[in-house]
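Notes for the structure review
Read off the chains here:
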Amino acid sequence: LLRAIRQSSPRTQVILITGEPTVETAIDAVQAGAFDYVAKPVPRDRLCRVVANAARVKRAEDETHAHRENLERLVDERTRSLNESLARVRATLDNATQALSLALEMRDPYTAGHQRRVSGLACAIHERMQLPQQRIHGLRIAGLLHDLGKLAVPSEILSKPSRLSRTEMALMREHPVAAWEILKGLDFDSPVADMVRQHHERLDGTGYPDGLVDGRILIEARIL
């Protein structure tokens, strides 16, 4: 009966009163979840104390349970609110990313659509490689903004129809650093600024701007 009560109503305090008290019965009662174990005959004051203690423990457990339920409700509400805020922030960030990408395309029509295509291809490669999903959003942003530093390159160099001079090429090669300077202070959920800075590095160290080799280059930058 005790086990059935504990199974159907776990928070009910059960006092076991028996006319055949043994050590084994007491152990079984405690293991089965009895609040207390009393042998007959039971004096009234003893029974009242046991019931009062059980009632006090029950009240405390009920208050704790209610408090826990209230905390869980508050946590759920807070989590839902935070998730909604995060979604709004991410949407704002996505819109700002699109705006910056379009601004660069307007300044450099020769590469119109290039950043969007790079972003789409990079994400497709990421999926094909079965890399962790938590960084694909950052890779998409990095793809859209990887040429952001060209805003610092004179327009006559960007649109020059002939081969660049050594000086002009040196200026052009600064665009990953310029983009990194713009992005490094933004709180992305992945190292977007570093992806952008490294997107012209090469595994053999002949890339720019830092001449990084192999394992020092982020996997997202290698994809870009």
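In case you missed it, the structure is sitting above this.
Overview of the structure. Just so you know, these numbers come straight off a predicted model, no measurement behind them. Per chain, residue numbering runs from 1 following the sequence as it is written. Thresholds applied to this predicted model are a pLDDT of at least 70 for local features of residues and 80 or more for the giving and counting of side-chain atom pairs; totals over whole chains, interfaces and linings are not thresholded and use all residues. Just so you know, side-chain values use all the structure's heavy atoms and leave hydrogens and water out.

1. Details of the packing of aromatic side chains
Any two aromatic rings considered together are summarised by their centre-to-centre distance and by the angle between their planes. Aromatic pairing here means that ring centres of Phe, Tyr or Trp (its six-membered ring) are within 6.5 Å. Orientation follows from the plane angle: under 30 degrees is stacked, over 60 is edge-to-face, and everything else is tilted. Across all of its chains, the model carries zero aromatic pairs by this definition. Counted as over-ring charges are cases with an Arg CZ or a Lys NZ within 6 Å of the ring centre that also lie within 35 degrees of the ring normal. If you follow Arg 197 out to its NZ or CZ, it ends over the ring of Trp 180, 4.6 Å from the centre.

2. Some thoughts on the pairing of strand β2 (residues 36-39)
Pairing of strand β1 (residues 15-18) with β2, which is carried by four bridges, proceeds in the parallel orientation. Residue pairing in the sheet places Thr 18 in a bridge with Ala 39 of β2. Assignment of crossover handedness uses the view with strands pointing away from the viewer, where a clockwise path from the first strand over the helix to the second indicates a right-handed crossover. Put simply, DSSP marks the helices as runs of H or I at least four residues long and the strands as runs of E at least two long, and each gets a number from the N terminus on. With helix α2 (residues 23-31) bridging β1 and the parallel β2, this β-α-β connection has right-handed handedness. Strands pair, by our definition, only if DSSP identifies at least two bridges between them.

3. Points about the packing of helix α3 (residues 44-107) against helix α4 (residues 114-128)
Each axis is a line fitted through C-alpha atoms, taken for helices only over the stretch in contact, and angles between the N-to-C directions span 0 to 180 degrees. Relative to each other, α3 and α4 sit at 135 degrees, their axes nearing to 9 Å. With respect to their mutual orientation, α3 and α4 come out oblique. Side by side, α3 and α4 meet where Ser 101, Leu 104 and Glu 105 of the first sit next to His 114, Gln 115 and Arg 116 of the second. When the residues that make up the contact of α3 with α4 are grouped by side-chain class, the tally is one nonpolar, three polar and two charged. By the definition adopted for this analysis, an angle is roughly parallel if under 35 degrees, roughly antiparallel if over 145, roughly perpendicular if from 65 to 115, and oblique otherwise. Working rule for contacts: check all heavy atoms of both residues, and any pair within 4.5 Å makes them a contact. Put simply, Ala, Val, Leu, Ile, Met, Phe, Trp, Tyr, Cys and Pro go in the nonpolar bin, Asp, Glu, Lys and Arg in the charged bin, and everything else, Gly too, in the polar bin.

4. Overview of the layout of surface pockets
A 1.4 Å probe that fits but cannot get out identifies a cavity on a 1 Å grid over protein atoms alone, an open set with protein on both sides within 12 Å along at least five of seven lines counts as a pocket, and a residue lines either if it has an atom within 4 Å of a point. Grid points are joined across faces, edges and corners, and a volume is the space filled by probe spheres set on the points. Taken as a whole, the largest pocket encloses approximately 260 Å³ of empty space. As for the largest pocket, its lining consists of 15 residues, and the residues nearest its centre are Val 89, Leu 93, Asp 187, Phe 188 and Asp 189. Mapped by element, the contributors of at least two residues to the lining of the largest pocket are α3 and α5 (136-145). Ranked by residues supplied to the lining of the largest pocket, first place goes to α3 with seven residues. Broken down by class, the residue content of the lining of the largest pocket amounts to 10 nonpolar, two polar and three charged.

This is a description of form; function is not addressed.
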